[in-house]
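Now for the letters of each chain:
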Amino acid sequence: MINMFSTALLTPQEMGQADKAAIASGVPGAALMDNAGRAVAREIVRRWSRRPVLVACGPGNNGGDGYVAARYLADWGWPVTVASLEGRMPSEQTDAAHHAGLWRRPVVRLSAALLDTVREGLVIDALFGAGLARPPSGDAAAFIQALNDSDIPVCAVDLPSGVNGEDGAVLGAALQAQLTITFFRKKPGHVLFPGRALCGPTVVAQIGIPDTVLPGLAGHTAENSPDVWSATFPWPQLTGHKYSRGHALVVGGNRMTGAARLAARAAARAGAGLVTLAAPEPAWPVYATALESIMVEGFCDEYSFESLLADTRKNVFVVGPGLGVSETTQNQTLQILAKQRACVLDADAISSFSGQPERLFAAVSEKSVLTPHEGEFARVFNVSGSKLERARMAARTSGAVVLLKGADTVIAHPDGRAIVNTNAPPDLATGGAGDVLAGMIAGLMAQGMPPFNAACAACWLHGEAARQHGPGLVADDLIHLIPAALKVLRRVPVN
Ligand SMILES: NC(=O)C1=CN([C@@H]2O[C@H](COP(=O)(O)OP(=O)(O)OC[C@H]3O[C@@H](n4cnc5c(N)ncnc54)[C@H](O)[C@@H]3O)[C@@H](O)[C@H]2O)[C@H](O)CC1
Ligand SMILES: [K+]
């Protein structure tokens, strides 16, 4: 059971369909627009004291929301100037024209010079939203540039103009907003970079579109949140014991021993009942001295490695962290995949298939989670497009769950579903953090959580653990903060 609706991400096209479905169900379009513009005005009043406001309106419905926001703010006593792009008003007989008509004061032509009237004020960007069709040019481009060069705060309606709602890319040039108010649900452009950074905080306002429209049009993309997977989280049961909580095996390397130790500790902290570290004989003393509650078993060749994998109670494997890129790593990975049990393939387990991705794809399944960063990803996947599209395509092509790391990590299932993670603080960009994540995913899978859900849950807990620490984080700290992140999760109601 996974809930893709409460934090669904809708493309601009899907949003248009949601709009139409709401109108068909009896909510007039003009009312949706009124609710949208009023939500913008409300959020502004909530954050800023009364000050001069310039509302920059485009020719479409985004502009329509701008006329509504202008009307409410003026009614509440704010000094408001409304400017339209190239002096154009919305086409007749549209909802935007209706609301532009309710603005009884002058509408001036938009220009960069108008910014002088709001040096101590605020700009509402209602130029382009979901309907952005091409790079802004002429007056729009000049206005965007001048506003970005100023320090006047910008509140964006739906999206900062110039940001593509579908993938967060900048089309030519885009505004940097301090606040974005979007409607009903976010779009991928609000959570993928660079769009996310240009939005500032994004507020989602409800404008009268019923949730009942969602099953007909959404369900394959969502923002990561406990809402998505908490119903399947494997909390320990009163009657459980260590064997019922699974047994994770982490493959250790000869030299970079810290990586596998971090992964093993993280698997244990995430709740695996037992964790074994498989250590090459020369490094066995290093691992054995460092680890207490984690078992350390040695191996000296592929045969003894194979015998370590034989016990079927070992229900999840982690391979890759600290192994080195080599034929040996590739062979160990293939030996593990041949067991057809759950596994996490990270780092060198992925890079070792550089130039031979088909060998990897033939061996992985939906029980495998690949956790590449962009560099590792590029070694085995030859796909282009937005991060969301690339992760989705990689999962489809390989048949495995793919977690493509970064500030906007995307987790994709081979069936087309994808989740964008948004809670990772920048402190997580530190050596070893990925090893911890791989171990956490395995720890959850050991307890029976489905691989896609486990990847999403581990990613969220990883971000939460890092948030709890704040600046100065090193990967070792994450291990100690997993319990704190679990406590936060335990308080989130399961819906
Ligand atoms: N449920 C909802 O989503 C609601 C959305 N609302 C708002 O409506 C906009 C989307 O409106 P739409 O008319 O489809 O698109 P835009 O206003 O963003 O832009 C279309 C308009 O602009 C022209 N255009 C596009 N790109 C450029 C460019 N680079 N330069 C010049 N002109 C451009 C295009 O030709 C059209 O004329 C959504 O974002 C919400 O803000 C509703 O108000 C409430 C319900
Ligand atoms: K906008």
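For every chain, the first residue of the written sequence is number 1, and numbering continues from 1 along that sequence. The order in which chains are written sets their letters, starting at A; the order in which ligands are written sets their numbers, starting at 1. At least 70 in pLDDT is required for a residue's local features to be given in this predicted model, at least 80 for side-chain atom pairs to be given and counted, and no such filter applies to totals for whole chains, interfaces and linings, which use all residues.

**Q** In this structure, what is going on with the sheet that holds strand β14 (residues 368-371)? I would like to understand it.
**A** Backbone hydrogen bonds are what pair the strands of a sheet, in a parallel or an antiparallel way. A strand pair is defined by DSSP finding two or more bridges across the two strands. Secondary structure elements are taken from DSSP: a helix is a run of H or I of four residues or more, a strand is a run of E of two residues or more, and numbering for both begins at the N terminus. Taken in spatial order, the 10 strands line up as β8-β17-β16-β15-β14-β13-β12-β9-β10-β11 in an open sheet, and their pairing is mixed. The outermost strands of the open sheet, each flanked by one partner alone, are β8 (221-223) and β11 (295-299). Each adjacent strand pair in this sheet contributes to an overall mean axis angle of 20°, direction not counted. Here contacts are defined at the residue level, using C-beta atoms placed from the backbone and a cut-off of 7 Å between them. Only the stretch in contact is used when fitting a helix axis, every axis being a line fitted to C-alpha atoms; angles between N-to-C directions are given from 0 to 180 degrees. Along the sheet, helix α13 (residues 327-338) contacts β9 (247-251), β12 (314-319), β13 (342-346) and β14; its crossing angle with β12, the most-contacted strand, is approximately 160°. Lying over the sheet, helix α18 (residues 433-446) contacts β9, β12, β13 and β14, oriented at roughly 170° with respect to β12.

**Q** What am I meant to see in the UniProt feature "domain: YjeF N-terminal" (unreviewed entry) in the protein here?
**A** UniProt positions are given in the numbering used here, feature names are shortened, and annotations may be inferred rather than shown by experiment. Following the UniProt record, the feature "domain: YjeF N-terminal" (unreviewed entry) maps to residues 15-215 here. End C-alpha to end C-alpha, residues 15-215 measures 13 Å, and it is 37% helix and 15% strand.

**Q** Please clarify how the confidence of the model for the protein should be interpreted in this entry.
**A** Detailed reading of the predicted model is not advised wherever pLDDT is low. Chain-level statistics for the protein give a pLDDT mean of 97 and a share of 100% at 70 or above. Interface confidence for the predicted complex, expressed as ipTM, amounts to 0.98; the pTM equals 0.97. The predictor's confidence in any single residue is recorded as pLDDT, a number from 0 to 100.

**Q** How should I be thinking about the sheet that holds strand β1 (residues 53-57) in this particular structure?
**A** Spatially, the 7 strands line up as an open sheet ordered β3-β2-β1-β4-β5-β6-β7, and their pairing is parallel. If you trace the sheet from one side to the other, it starts and ends with β3 (107-109) and β7 (202-205), each paired once. Adjacent strand axes in the sheet meet at a mean angle of 25°, parallel and antiparallel pairs treated alike. Across 3 bridges, the pairing between strand β4 (residues 122-126) and strand β5 (residues 154-157) is parallel. Looking at β5, one finds that I124 is bridged to C155. Packed onto the sheet, helix α3 (residues 61-75) meets β1, β2 (80-84), β4 and β5 and runs at close to 155° relative to β1.

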